[in-house]
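The primary structure of each chain is shown beneath.
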Amino acid sequence: MNEFSGDQNFKISNQKVTESCPSNIALIKYWGKYEKQIPANPSISYTLNLCKTNTEMEFVADETFSVQTFLAGKEEVKFAEKIAKYFRSIEEYLPWILKGKYIIKTENTFPHSSGIASSASGFGAIAKCLMTLDQSFSGQTDECFTLKKASFIARLGSGSACRSLYDGLVVWGETKEVYESSDLFAVQYPNDEVHDVFRSFNDWVLLIHEGEKAVSSTVGHGLMNTNPYAERRFQEAHENFATLKKILKQGDMNAFIQLVEHEALTLHAMMMMSEPAFILMQAGTLAVINKIWEFRKETNLPLFFTLDAGANVHLLFPSNKDEDKITEFIIKELVQHTQNNGVVKDMMRF
Ligand code: PMV
């Protein structure tokens, strides 16, 4: 039992709800977890403004439990099985959840083949739909609690999804550096602790490799259980939080760049030190990283990168007077390393 255990007093009815949820990109990475999606270390991400999942969920009350899913209009049986399993696993928190049939139609605003993780925005949108249904069935109207529970429910689908429920900078995982941070749900990083230079940023994703990745993040998290460097890494994530907190307050762009790139490379170093080892970066990923470093050395302009669990490179740069010089360089020098001239242009504004 916890504060999210469901109320047994509910009244179900046929409903159709629609919700939208953005994706997010981590600055301090979550990599490694314990049972029930408890993160091995705290993480912090920027919620994106444009890459979103839009989901329509139809609930037909009092039918035998079943789930049908459509992704961009195409029926997806494997995805439906995954969602049905997920729904069964969260009955304790939403006691009405198995008492009907679902037709779920979902669409991403970013290209499906892009390799951009859709699990964060996807599970975020599903959790929001479920909480809208829950409000209607249980009569519970506390918006703050609903959002917190949506984050809790999303986490049980995909860990990083719990951060997508909030805008701006979002923390998941308990750290003494962030008030009320929790392993169970995400919280917004206090806006008044963030310098203006970090509140208007671009994130252009270079699609170095489109399609499925060789090793899923579920397998990757699991390999941290036997990684001899894991404990040191988890500790370092805590230390990086303390450093980042000061950077965010002071507006120290150079230190921010150093920390964010270090986190990205550490994530991939952990993959290389797993047993069995795996590498998700491709030749294009490395070429782009080297070119970014050369560009920064020559121009001193704040273009830097982060990576998620894949080959694509997230190019980060603040929105300011230098933006045009940076985008010109990206188009001239970096886009050539993508598979199909693929660039997804997103941003964070808060
Ligand atoms: O939420 P998952 O299981 O897809 O894991 C996401 C892991 C990273 O994207 C690599 C890091 C993060 O914190 O988002």
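A quick note: this is a predicted structure, and the numbers were derived from the prediction, not measured.

## Observations concerning the packing of aromatic side chains
Then, in step 1: Counting across every chain of the model gives 23 aromatic pairs.
Then, in step 2: Here F59 and W96 contribute two aromatic rings whose centre-to-centre distance is 5.9 Å and whose plane-to-plane angle is 80°, an arrangement assigned as edge-to-face. Linking F59 in strand β4 (residues 43–61) with W96 in the loop between α1 (77–89) and β7 (100–108), this pair joins segments that are 37 residues apart in sequence.
Then, in step 3: For F59, a relative accessible area of 1% corresponds to the buried category.
Then, in step 4: For W96, a relative accessible area of 1% gives the class buried.

## Concerning the pattern of salt bridges
Then, in step 1: By the definition in use, this model includes twelve salt bridges.
Then, in step 2: Among the salt bridges present, the one from D196 reaches R199, with a minimum N-O distance of 3.7 Å.
Then, in step 3: When salt bridges with common partners are traced through the structure, they connect K176, E177 and K245 into a single cluster.

## Overview of the site of the ligand
Then, in step 1: In the region of the ligand, 13 residues are neighbours, and Y30, S160, R163, S217 and H221 sit closest.
Then, in step 2: One of the backbone N or O atoms of Y30 is found 3.0 Å from an oxygen atom in the ligand.
Then, in step 3: Taken together, the residues of the shell around the ligand break down into five nonpolar, six polar and two charged.

## Some points on the side chain of Q135
Then, in step 1: Within the secondary structure layout, Q135 lies in helix α2 (residues 119–138).
Then, in step 2: The contacts of Q135, once residues within four sequence positions are left out, are Q140, T141, D142, E143 and T146.

## Section: unusual backbone geometry
Then, in step 1: Of note, the amide linkage connecting E275 to P276 takes the cis form, showing an omega dihedral of 0°.
Then, in step 2: Considering the arrangement of structural elements, one finds P276 in the loop between α6 (253–272) and α7 (283–299).
Then, in step 3: Even without glycine at this site, A72 takes up a positive phi of about 50°.
Then, in step 4: Note on placement: A72 falls in the loop between β5 (66–71) and β6 (74–75).
Then, in step 5: Positive phi, normally seen in glycine, also occurs at N300, with a value near 65°.
Then, in step 6: Along the chain, the position of N300 falls in the loop between α7 and β11 (304–307).

## Some remarks on the sheet that holds strand β13 (residues 343–349)
Then, in step 1: If you walk across this open sheet you meet the four strands as β11-β12-β10-β13, and the pairing is antiparallel. Whereas interior strands pair on both sides, the edge strands pair on one side only; in this sheet they are β11 and β13. Strand-to-strand twist in this sheet, taken as the mean axis angle between neighbours without regard to direction, amounts to 25°.
Then, in step 2: Two elements, β11 and strand β12 (residues 313–318), share four bridges in a ladder whose sense is antiparallel. Bridge pairing in β12 places T306 opposite H314.
Then, in step 3: Sheet strands in contact with α6 are β10 (200–206), β11 and β12, and its direction is about 30° off that of β11.

Each value, and the rule that gives it
Residues numbered from 1 in each chain as written. Predicted model: local features only at pLDDT ≥ 70, side-chain atom pairs only at ≥ 80, totals over all residues. Heavy atoms only, no water. Phe/Tyr/Trp six-rings, centres within 6.5 Å; stacked < 30°, edge-to-face > 60°. Helix = DSSP H or I, 4+ residues; strand = E, 2+ residues; numbered from the N terminus. Buried < 20%, exposed > 50% of the residue type's maximum accessible area, 1.4 Å probe, protein only. Salt bridge = Lys/Arg side-chain N within 4 Å of Asp/Glu carboxyl O. Near = heavy atom within 4 Å. Polar contact = N/O pair within 3.5 Å; in protein donor to acceptor, adjacent residues only side chain to side chain. Nonpolar A, V, L, I, M, F, W, Y, C, P; charged D, E, K, R; others polar. Contact = heavy atoms within 4.5 Å. Pairing = 2+ DSSP bridges. Axes fitted to C-alpha atoms, helices over the stretch in contact; angles between N-to-C directions.

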